[in-house]
Amino acid sequence: MIKMGAGGRMSEPNSPSPVQRVPHTKPPFTVGELKKAIPPHCFHRSVIRSFSYVVYDLSLVFLFYYITTYFSLLPSSLTVLAWPLYWTLQGCTLTGVWVIAHECGHHAFSDYQWLDDAVGFVLHSSLLVPFFSWKISHRSHHSNNGSLDRDEMFVPKPKSKLSCFSKYLNNPLGRVLTLAVTLTLGWPMYLAFNVSGRSYDRFACHYNPYSPIYSARERLQIYISDAGIFTSGYVLYLLVLAKGMAWVVCVYGIPLLIVNAFLVLTTYLQHTHLTLPHYDSSEWDWLRGALATVDRDYGVLNKVFHDITTRTHVAHHLFSTMPHYHTMEATRAIKLILGEYYQFDDTPFYKALWREARECLYVEPDEGGSEKVCFGTRTSFDTSEDSER
C-alpha cells in the first residue's frame, strides 16, 4: 500500500480523527448490477430538457450583463460593490455553462452525437476551451481514473519525485501562494503545457494536433478546436477595439477567471482525498478506478453546477453518458449497493480545499501494505507542521 503525505486533520485539537478508507479490493458487485439498480429512465437523454438548461443559464448570463449597463448610473461607492457581485454571479453561472458543454463531451446531452458536438463546441469555444482536444483527453481520464500510470490529471507523485522546493511551500503562506497560482493559472497551464497531467515521452499540449495526447485520426478535431479558439479570440479582439480592454476584462475576463478557478477546484476535490485509493498498472481495473472519486457538497452551487461536478461525481464516473438531471436519483439508487465503496464529504469546499492542499502532497509505500495501491495519510516533511494540527 502507498500513502499520501502532508499535514494533519483533526476533529478535536491535538486529537486526530480516524480516516475510513475506501476498500481497495475488488468490489463484490459489477457495473451491470449497479446499472440494474438505477431506474431505466435515468439513462434517457431529452433534447428539450437538456436545451432548457442551456437557455436558462444563457438567459442568466445575458441578464447579468444587461444589469452592468446601468452600473455607470450608480455612485462610485456602490459601483465598487456591484462589479465584484457581477463577477461572482456571472462566473458561477458560466461554470454551469461549462458543465453543460462537459455533458456534450460525454454524449450525455442528447441521443445525437452531432448535436452534442455542435453545442459543446460552441459553448466551450466561447469560454476559450478547445472542445474536441479536451474531450479526447477527458475521455482518457475517465478510462483510466485512479491509475498512477495512465490517468490524465492530478496524478499524485511519490515523495522522491517532489520538487526540491516543495517542503518550503508546505506552510500556510506557501499553500496560499500555491493555491492562488493553481486556481488562476492551473487550467490554461494544463491545456498549454500539460501541467499536473499525465507524463508523456515528449511535450504534450492540447492545442497541438501532433501532441502525444492524440492519435493521427484525431488531428482534424484538434485543428477544429483550435479554429474555435482563434474565432473566439478574434471576437474578443474586436470587442477590445470597440469597447476597450477594461470593458472586456470586467465583463468577460474576470468571470472567466472564476470559471477556470472553479473548474480546477472541483476537479481537484473530486479526485483528491485521504480516503481515495490510487493504483499502479498491475493492480488497477476500471471499476475500482471509477470508484476512486468523492462526492462533495457545495451548498447552493450544487444546482448552479448541475450536480455532476459536486454531489454526483461517483455516479458520473460509473455512467458518464447519463444526463446530469438524473444523476441524483441514480446516486440514491446505487449508494445502497456501493456501501463503503461510496465516499461523500460534506466539508465546506473552501475548508476541504485547504485541508487537501495541506494533507495530500505525495504518495509512498504504506507500512505492511501493498505497494500497488496508494492512499493518503497524515504525515509531513518535518515536525514544524505540528503547530498547525
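Look above for the structure.
Notes on the structure in this doc start here. (Residues numbered from 1 in each chain as written. Predicted model: local features only at pLDDT ≥ 70, side-chain atom pairs only at ≥ 80, totals over all residues. Heavy atoms only, no water.)

1. Quick notes on the pattern of salt bridges
Inspection of the entire model under this criterion finds 13 salt bridges. By sharing partners, the salt bridges in this structure join Arg296, Asp345, Arg355 and Glu356 into a single network. (Salt bridge = Lys/Arg side-chain N within 4 Å of Asp/Glu carboxyl O.)

2. Things to note about the nonpolar core
Counting 42 residues, the largest nonpolar core has Trp98, Leu127 and Trp187 as the members making the most contacts within it. Of all the secondary structure elements, the ones that give two or more residues to this core are helix H2 (47–68), helix H3 (76–105), helix H4 (113–126), helix H5 (131–144), helix H7 (172–193), helix H9 (245–271) and helix H14 (349–359). The element best represented in this core is H9, accounting for eleven residues. The contacts of Trp98, once residues within four sequence positions are left out, are His124, Leu127, Val129, Trp134, Trp187, Val259 and Leu263. (Core = buried A, V, L, I, M, F, W, Y, C linked by side-chain atoms within 4.5 Å. Buried < 20%, exposed > 50% of the residue type's maximum accessible area, 1.4 Å probe, protein only. Helix = DSSP H or I, 4+ residues; strand = E, 2+ residues; numbered from the N terminus. Contact = heavy atoms within 4.5 Å.)

3. Section: the packing of aromatic side chains
With the rule as written, the count across this model stands at 23 aromatic pairs. Each ring, one from Tyr66 and one from Tyr70, has its centre 5.4 Å from the other, and the planes form 75°; the classification is edge-to-face. Judged by its relative accessible area of 47%, Tyr66 falls in the partly exposed class. Three or more aromatic residues link up through ring pairs in this structure, and these residues are Trp98, Phe121, Phe131, Phe132, Trp134, Trp187 and Tyr190. Lying over the aromatic face of Trp284, Arg150 brings its terminal NZ or CZ to 4.8 Å of the ring centre. (Phe/Tyr/Trp six-rings, centres within 6.5 Å; stacked < 30°, edge-to-face > 60°. Lys NZ or Arg CZ within 6 Å of the ring centre and 35° of its normal.)

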